[in-house]
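# Structure at a glance
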Amino acid sequence: MKNKVMHLFSFTAILLLASSFVTQPAPIEALSTNRVNTASIPIGGAWVIFAGKTGGDLTKQEISNQTELKVDGCDKGARILGFTILITKGGKTSTLATSSSQLTTEMRTKLKSLVKGDEFEFRSAKAIMSNGRDVVDVRGSKFKVV
């Protein structure tokens, strides 16, 4: 009996020692060679949604149909409280702000006048959660007219 207990103890010690040198497999994200696609996906936090996108290329048609901003990445009932938009047209940047989720008439006019290569970006966006109390910062990205 004493011999069997000693063998069991030895086997357990050897197994524990051997398993301490085994490395864990790398996560699939670390093995990805497609850096462009994985870098463009927003991860974490709340994001401004404009024309169904968080950033990137937009056509003039997609821009002209939009009247408000939405928020994604947080509470389902969250809504935008206000934001600032930086519009770069022909290398000249103008800044407009509002205290609602709706684009102002001036914002819509300037966005509709953009041509291929012009850019705009949403900044300083705030959202209120569905509980009506909590306010969070919302990240925005650059959009480019194509």
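Residues numbered from 1 in each chain as written. Predicted model: local features only at pLDDT ≥ 70, side-chain atom pairs only at ≥ 80, totals over all residues. Heavy atoms only, no water.

A few words on the packing of aromatic side chains. If you walk through the whole model with that rule in mind, you get 7 aromatic pairs. Relative to F120, the ring of F50 lies with its centre 5.5 Å away and its plane at 85°, an arrangement referred to as edge-to-face. Residue F50 is located in the loop between β1 (47-49) and β2 (56-58), and its partner F120 is located in strand β6 (residues 119-128); the two are separated by 70 residues in the primary sequence. Of the two residues examined, F50 and F120, each falls in the buried class. Relative to F122, the ring of F120 lies with its centre 5.8 Å away and its plane at 85°, an arrangement referred to as edge-to-face. For F120, a relative accessible area of 1% translates into the label buried. Joined through ring pairs, the aromatic side chains of F50, F83, F120, F122 and F143 make up one cluster. (Phe/Tyr/Trp six-rings, centres within 6.5 Å; stacked < 30°, edge-to-face > 60°. Helix = DSSP H or I, 4+ residues; strand = E, 2+ residues; numbered from the N terminus. Buried < 20%, exposed > 50% of the residue type's maximum accessible area, 1.4 Å probe, protein only.)

A separate point is the confidence of the model for the chain. Of all residues in the chain, 84% attain a pLDDT of 70 or more, and the chain-wide mean is 84. Segment residues 36-41: pLDDT under 50, and 1 contact once partners within four positions in sequence are set aside and those in other chains are kept. (pLDDT = per-residue confidence, 0-100. Contact = heavy atoms within 4.5 Å.)

What follows deals with the pattern of salt bridges. Scanning the entire structure with this criterion turns up 4 salt bridges. Among the salt bridges present, the one from E119 reaches K142, with a minimum N-O distance of 3.9 Å. Taken as a pair, E119 in strand β6 and K142 in strand β8 (residues 142-145) lie far apart in primary sequence, 23 residues in all. Exposure remark for K142: the relative accessible area of 48% places this residue in the partly exposed category. D137 is the salt-bridge partner of K126, the closest N and O atoms lying 2.3 Å from each other. Taken together, the residues span a long stretch of sequence, with K126 in strand β6 and D137 in strand β7 (residues 135-138) at a distance of 11 residues. Taking the relative accessible area as the measure of exposure, D137 reaches 53% and is therefore exposed. (Salt bridge = Lys/Arg side-chain N within 4 Å of Asp/Glu carboxyl O.)

Formed by 25 residues in total, the largest nonpolar core has its most connected members in F50, F83, I85, L111, F120, F122 and V138. Of all the secondary structure elements, the ones that give two or more residues to this core are β4 (79-89), α5 (105-112), β6 and β8. (Core = buried A, V, L, I, M, F, W, Y, C linked by side-chain atoms within 4.5 Å.)

Here we take up the environment of S113. With respect to the helices, strands and loops of the structure, S113 is situated in the loop between α5 and β6. Spatially, the C-alpha atoms of S113 and K60 are 8.8 Å apart, while their sequence positions differ by 53 residues. Aside from chain neighbours lying at most four places away, what touches S113 is K60 and K89. Here the side chain of S113 touches K89 through a polar contact of 3.3 Å, side chain to side chain. Within the structure, S113 has its side chain in polar contact with the backbone oxygen of K110 (distance 2.8 Å). (Polar contact = N/O pair within 3.5 Å; in protein donor to acceptor, adjacent residues only side chain to side chain.)

Of the two faces of β8, the one lined by F143 and V145 is fully buried and the one lined by K142 and K144 carries no buried residue. Relative to β8, β2 runs parallel, the two sharing 3 bridges. Note on β8: the bridge partner recorded for G56 is F143. (Pairing = 2+ DSSP bridges.)

Compared with an ideal rise of 1.5 Å per residue, which puts 18 residues at 26 Å, helix α1 (residues 2-19) spans 26 Å between its outermost C-alpha atoms and is within 8% of the ideal. Of all 18 residues in α1, 0 are buried, a share of ten percent or less. (Expected span 1.5 Å × (residues − 1).)

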